[in-house]
Amino acid sequence: MTKPPARVLQRSNARSNRERILATARRELGRNPDITLEELARASGVVRRTLFGHFPGREALLEALAEEAADALKAALPADPEPAERESADRAFARFVLSMWTVGDRYRLLLALARRDLGVERVAEVLAPARRAATTILDRGQRDGVFHTQLPPAVLSAGLEALTIALLEELNTGELEDDGTHAAVAALIATGVPEKQARDVVDEIAAAAARTVTDD
């Protein structure tokens, strides 16, 4: 049985409102973690009743953001984080950083809300796949002699995560303009890759990615 056009439009509007609320929440919570749901409703261009219809409270909204972030991070991750013989670890890690940069706003927001709102364990659960992928690549790079071994892979991964978040914060304040390439070069240098090699690797991967987008 065909659904009445009015009902289809209503559902379409509901989806649009929900997506707009989540997008606004990502932006505004990044600026002001203490923003109220009423203020978010106004910023989203919806009435309070509409926002509460989708998210009964702050906890529900933040959980929806966590789920959205989890999906985005999983989609951005490489299918196989283990750098196979076909690709060196420095190339694999550059590709990883560039992929994570595309969902950096979600990543940064999760960490900002970790302790007070979502809880450290929930955030760790969401970020676990990305952290495992980074550690896997770094471990391979250390074993291959591509990365330094001054720190264990998991510890090095945590340090590079902090570096990336700091750069995303500077992007948010306007102090930095970056499509992810500067961050990827900085991350590779921090692993021990010489600067020129790091730049060459990142430029090559970014150019290949741009060609793929153009071809599509």
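Okay, so let's go over this structure. (Residues numbered from 1 in each chain as written. Predicted model: local features only at pLDDT ≥ 70, side-chain atom pairs only at ≥ 80, totals over all residues. Heavy atoms only, no water.)

1. What about helix α8 (residues 153–173)?
Phase 1 of the analysis: In a regular helix each residue adds 1.5 Å, so 21 residues correspond to 30 Å; α8 covers 30 Å between its end C-alpha atoms and thus fits that length.
Phase 2 of the analysis: Turning to α8, its buried residues are P153, L156, S157, L160, E161, T164, I165, L167 and L168.
Phase 3 of the analysis: Just downstream of α8 lies G174, where phi reads positive at about 90°. (Helix = DSSP H or I, 4+ residues; strand = E, 2+ residues; numbered from the N terminus. Expected span 1.5 Å × (residues − 1). Buried < 20%, exposed > 50% of the residue type's maximum accessible area, 1.4 Å probe, protein only.)

2. Overview of the packing of aromatic side chains
Phase 1 of the analysis: Scanning the model with the defined rule gives two aromatic pairs in all.
Phase 2 of the analysis: Both rings, one in F93 and one in F96, keep their centres 5.7 Å apart while their planes meet at 25°; by these two values the pair is stacked. Placement of the pair is F93 and F96 together in helix α5 (residues 89–101), with a separation of three residues, close to one helical turn.
Phase 3 of the analysis: According to the relative accessible area criterion, F93 is buried, its value standing at 3%.
Phase 4 of the analysis: A relative accessible area of 8% means that F96 is categorised as buried.
Phase 5 of the analysis: Centroid distance F93 to F147: 6.2 Å. Interplanar angle 70°. Geometry classified as edge-to-face. Of this pair, F93 sits in helix α5 while F147 sits in the loop between α7 (120–143) and α8, and the two are 54 residues apart along the sequence.
Phase 6 of the analysis: Its relative accessible area of 3% is what places F147 among the buried residues.
Phase 7 of the analysis: Taken together, the ring pairs in this structure connect F93, F96 and F147 into an aromatic cluster. (Phe/Tyr/Trp six-rings, centres within 6.5 Å; stacked < 30°, edge-to-face > 60°.)

3. Considerations on the environment of V126
Phase 1 of the analysis: Among the secondary structure elements, V126 is positioned in helix α7.
Phase 2 of the analysis: Considering only alpha carbons, one finds V126 and D71, 55 residues apart in sequence, at a separation of 8.9 Å.
Phase 3 of the analysis: Non-local contacts of V126, meaning those with residues more than four positions away in its chain, are made with A66, A69, A70, L73 and L110. (Contact = heavy atoms within 4.5 Å.)

None of the figures reported here should be taken as evidence of function without further support.
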